[in-house]
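The residues making up each chain are set out below.
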Amino acid sequence: MVGVLADVPALERVLDYVVPARWADRVEVGTVVRVPLQGRRVRGWVVEVDRTPPPGITLRAVTRISSIGPPASLLELARWAAHRWAGRELSFLRAATPDRAVHEL
């Protein structure tokens, strides 16, 4: 299970999703994924891995890996900068993410 920060400014919180077994080795902190949310698929960043699922809740699965995203150190920097300058973490993550999909380095 992973925690995903969805690219939806009105909902700036970490949501829990299950990663399909075929992608388990490719998903790490910073990976850009597509997840189901409110009847649509939205972009999001994996911000936590190996989370403990809440009891009694059925989680939805990540639908696609879109790109390699910023490394974990940049996610921490984005979180700090958002707090320091009273901004949105999403704004910093968008700036740190490549415009085009990057599948391998």
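So, here is what we can say about the structure in this document. (Residues numbered from 1 in each chain as written. Predicted model: local features only at pLDDT ≥ 70, side-chain atom pairs only at ≥ 80, totals over all residues. Heavy atoms only, no water.)

A word on helix H2 (residues 89-96)
In step 1: Listed in full, the buried residues belonging to H2 are Glu89, Leu90 and Leu93. Taken down its axis, H2 places every buried residue within 95 degrees of arc, on the same side.
In step 2: Taken together, the buried residues of H2 touch strand E1 (2-6), strand E4 (40-49) and helix H1 (72-84). (Buried < 20%, exposed > 50% of the residue type's maximum accessible area, 1.4 Å probe, protein only. Helix = DSSP H or I, 4+ residues; strand = E, 2+ residues; numbered from the N terminus. Arc of directions from axis to C-beta. Contact = heavy atoms within 4.5 Å.)

Digging into the side chain of Asp16
In step 1: Examined against the element boundaries, Asp16 turns out to sit in strand E2 (residues 14-17).
In step 2: At 2.6 Å, the side chain of Asp16 forms a polar contact with the side chain of Arg51.
In step 3: If we skip the residues at most four places from it in the chain, Asp16 touches Met1, Val2, Gly3, Arg51, Pro54 and Leu59. (Polar contact = N/O pair within 3.5 Å; in protein donor to acceptor, adjacent residues only side chain to side chain.)

With respect to the pattern of salt bridges
In step 1: Under the criterion given, the structure shown has six salt bridges.
In step 2: Between Arg51 and Asp16 there is a salt bridge; the shortest N-O distance is 2.6 Å. A residue pair is termed long-range when its members are at least 10 positions apart, and Arg51 in the loop between E4 and strand E5 (64-67) and Asp16 in strand E2 qualify at 35 residues.
In step 3: Since its relative accessible area comes to 25%, Arg51 is described here as partly exposed.
In step 4: The class for Asp16 is buried, based on a relative accessible area of 19%.
In step 5: With its nearest N and O atoms 2.9 Å apart, the salt bridge here joins Glu48 to Arg51.
In step 6: Note on Glu48: relative accessible area 33%, which makes it partly exposed.
In step 7: If you follow the salt bridges from partner to partner, you end up with Asp7, Arg43 and Arg94 in one network. (Salt bridge = Lys/Arg side-chain N within 4 Å of Asp/Glu carboxyl O.)

Comments concerning the nonpolar core
Looking at soluble globular proteins, one finds that nonpolar side chains tend to be buried together.
In step 1: Of all hydrophobic cores here, the largest spans 16 residues; its most connected members are Val2, Tyr17 and Val62.
In step 2: Breaking this core down by element, the ones donating at least two residues are E1, E2, strand E3 (32-37) and E4.
In step 3: Among the nonpolar cores identified, the runner-up in size contains eight residues, and Val32, Trp45, Val47 and Leu75 belong to it. (Core = buried A, V, L, I, M, F, W, Y, C linked by side-chain atoms within 4.5 Å.)

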